[in-house]
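These are the residues of each chain, in order.
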Amino acid sequence: MEQLSITSNDDVVIVRQKVRAHAIDLGLSLVDQTKVVTAASELARNTLVHAGGGQACIEVVQNGMRRGLRLVFSDNGPGISDLDLALTDGWSSGGGLGLGLSGSRRLVDEFTLDSDPGRGTVVTVTKWTR
Amino acid sequence: MDRVPILKIGDVLLVSIQGDLDDQSVLTLQEDLAERVVATGAVGVIIDITAVEIVDSFVGRMLSTIAGMSRMLDAETIVVGMRPAVAITLVELGLSLGGLRTALDLEKGIALLGRTASAPLDDLSAVGQ
Ligand SMILES: Nc1ncnc2c1ncn2[C@@H]1O[C@H](COP(=O)(O)OP(=O)(O)OP(=O)(O)O)[C@@H](O)[C@H]1O
Ligand SMILES: [Mg+2]
């Protein structure tokens, strides 16, 4: 398990690189590596931009014969009051494209978004080997 | 922060993105390119992303912005060398990159530009592959 803090643009780059290294180690296909690194990039940037920083946790998980990469992005930022709205393609509270959350949900196998307005946000995603 | 070099070959600006750029470097490249298009009167911009392993919404938006901006400044932008895994991921992410012209490699990109903007092909062929 690897814990990384996200407090700058450089940290977002480091998260991408670490996630890629783990995805390669795990034997994910090139397309799946690309998908999970792209999702990690979106979620790490959200942590930085919308919450002012937070943590990323990278972990290898096992389910029977399958192994997977689990990423947890957590912060103590303002949280999200309407989760469905935040997960809508094209919805952004700022000037974004509004594709970070909804798009990364499509790029992974499992996706959960937990948020307490005023307390923070936790996004957990998993990509399984095939 | 890394500053991405912008090469000028004839009437065309060539940018080859190497490695993993942080968001600030991406924005700086966008601004540098706008300045160079105006300063040089370039008719074309080629952005080579052969070495780019992922394109997320931030980089995708930068590519669209550069294309829109250069069109406004009377130059054509072509993105070359997108990896298949990147293309698949972009579609799933939901980025349409509408209005962005692409070519499979640098040679095809130059040819495309030659057809639309009468770029100096002799000069450009010196870039090679
Ligand atoms: N960690 C977070 N803390 C607080 N709000 C968040 C967080 N992540 C996302 N949000 C909210 O959810 C919205 C949608 O996020 P999403 O990533 O889809 O779009 P975006 O970041 O606005 O734009 P982009 O397409 O550039 O990522 C954001 O605009 C923001 O309001
Ligand atoms: Mg986002």
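Criteria and cut-off values
Residues numbered from 1 in each chain as written. Chains lettered and ligands numbered in written order. Predicted model: local features only at pLDDT ≥ 70, side-chain atom pairs only at ≥ 80, totals over all residues. Heavy atoms only, no water. Contact = heavy atoms within 4.5 Å. Buried area = accessible area lost by both parts, 1.4 Å probe. Salt bridge = Lys/Arg side-chain N within 4 Å of Asp/Glu carboxyl O. Polar contact = N/O pair within 3.5 Å; in protein donor to acceptor, adjacent residues only side chain to side chain. Helix = DSSP H or I, 4+ residues; strand = E, 2+ residues; numbered from the N terminus. Nonpolar A, V, L, I, M, F, W, Y, C, P; charged D, E, K, R; others polar. Pairing = 2+ DSSP bridges. Axes fitted to C-alpha atoms, helices over the stretch in contact; angles between N-to-C directions. UniProt positions renumbered as here; feature names shortened; annotations may be inferred. Buried < 20%, exposed > 50% of the residue type's maximum accessible area, 1.4 Å probe, protein only. Near = heavy atom within 4 Å. Areas by Shrake-Rupley, 256 points an atom, 1.4 Å probe, with all protein chains shown as cover.

Asks: Let's hear about the interface of chain A and chain B: which residues, and what values?
Replies: Contact residues are listed per partner, giving 23 residues for chain A and 20 residues for chain B. Taken together, the two surfaces of chain A and chain B that pack against each other cover about 2000 Å², and 55% of this comes from carbon and sulfur. On inspection of chain A and its partner chain B, the count reaches six salt bridges. The closest approach of N and O atoms between Asp 56 of chain B and Arg 45 of chain A, which form a salt bridge, is 2.8 Å. Applying the counting rule to chain A against chain B returns eleven residue pairs in polar contact (both at pLDDT 80 or more). Listed by contribution, the elements that provide at least two residues to the side of chain A that touches chain B are helix H1 (9-26), helix H2 (30-51) and helix H4 (100-107) of chain A. Among the elements that make up the side of chain A that touches chain B, the one with the highest residue count is H2 of chain A (nine residues). In terms of residue class, the side of chain A that touches chain B is built from seven nonpolar, nine polar and seven charged.

Asks: Describe the environment of Leu 107 of chain A, naming the residues involved and giving the relevant values.
Replies: Along the chain, Leu 107 of chain A turns up in helix H4. Beyond its immediate stretch of four places on either side in the chain, Leu 107 of chain A contacts Lys 35, Thr 38, Ala 39 and Lys 127 of chain A together with Thr 89, Glu 92 and Leu 93 of chain B.

Asks: Could you give me a rundown of the sheet that holds strand E4 (residues 110-116) of chain A, with the residues and numbers involved?
Replies: Residues and elements named next belong to chain A. Taken in spatial order, the five strands make up an open sheet running E1-E2-E3-E5-E4, and their pairing is antiparallel. The open sheet has two edge strands with one neighbour each: strand E1 (2-6) and E4. The average undirected angle you get between the axes of adjacent strands in this sheet is 15°. Judged from the eight bridges that link them, strand E3 (residues 66-75) and strand E5 (residues 120-128) form a sheet pairing that is antiparallel. Bridge assignment links Phe 73 to a residue of E5, and that residue is Val 123. On the sheet, H2 packs against E1, strand E2 (54-63), E3 and E5 and is oriented at approximately 15° with respect to E3.

Asks: Requested: an account of the UniProt feature "domain: STAS" (unreviewed entry) in chain B, with residues and values cited.
Replies: As recorded in UniProt, the sites labelled "domain: STAS" (unreviewed entry) are residues 2-113 of chain B. Taken end to end, residues 2-113 of chain B is 46% helix and 20% strand, and its two terminal C-alpha atoms sit 28 Å from one another.

Asks: Describe in detail the pattern of salt bridges, supporting the description with residues and values.
Replies: Going through the model one piece at a time under the given rule, you end up with 16 salt bridges over all chains. Note that Glu 42 of chain A is salt-bridged to Arg 45 of chain A, the shortest N-O span being 3.9 Å. Residue Glu 42 of chain A and its partner Arg 45 of chain A are both found in helix H2; the two are separated by three residues, about one turn of the helix. Take Glu 42 of chain A: its relative accessible area is 3%, and that puts it in the buried class. Where Glu 110 of chain A meets Arg 70 of chain A, a salt bridge forms, and the shortest distance between an N and an O atom there is 3.9 Å. Separated by 40 residues along the polypeptide, Glu 110 of chain A in strand E4 and Arg 70 of chain A in strand E3 bring together distant segments of the chain. According to the relative accessible area criterion, Arg 70 of chain A is partly exposed, its value standing at 24%. The network of salt bridges with common partners includes Arg 16, Glu 42 and Arg 45 of chain A together with Asp 20, Asp 23 and Asp 56 of chain B.

Asks: Got a sec to walk through the environment of Thr 89 of chain B? Specific residues and values, please.
Replies: With respect to the secondary-structure elements, Thr 89 of chain B resides in helix H3 (residues 84-93). Between the C-alpha atom of Thr 89 of chain B and that of Ile 47 of chain B, which follows or precedes it by 42 residues, the distance is 19 Å. In contact with Thr 89 of chain B, other than residues within four places in its own chain, are Val 31, Thr 34, Lys 35, Thr 38 and Leu 107 of chain A.

Asks: Now, about the site of ligand 1: what can you tell me, with residues and values included?
Replies: Close to ligand 1 lie 18 residues, the nearest being Asn 46, His 50, Ser 92, Ser 93 and Gly 98 of chain A. Residues near ligand 1 are shared among chains A and B, making this a multi-chain site. Within the backbone of Gly 98 of chain A, an N or O atom sits 2.8 Å from an oxygen atom of ligand 1. At 3.1 Å from an oxygen atom of ligand 1 is found a main-chain nitrogen or oxygen belonging to Gly 100 of chain A. Here ligand 1 has 590 Å² of accessible area as a free molecule, and 93% of this is covered by the chains. Element by element, the count of residues in the shell around ligand 1 is highest for H2 of chain A, at three residues.

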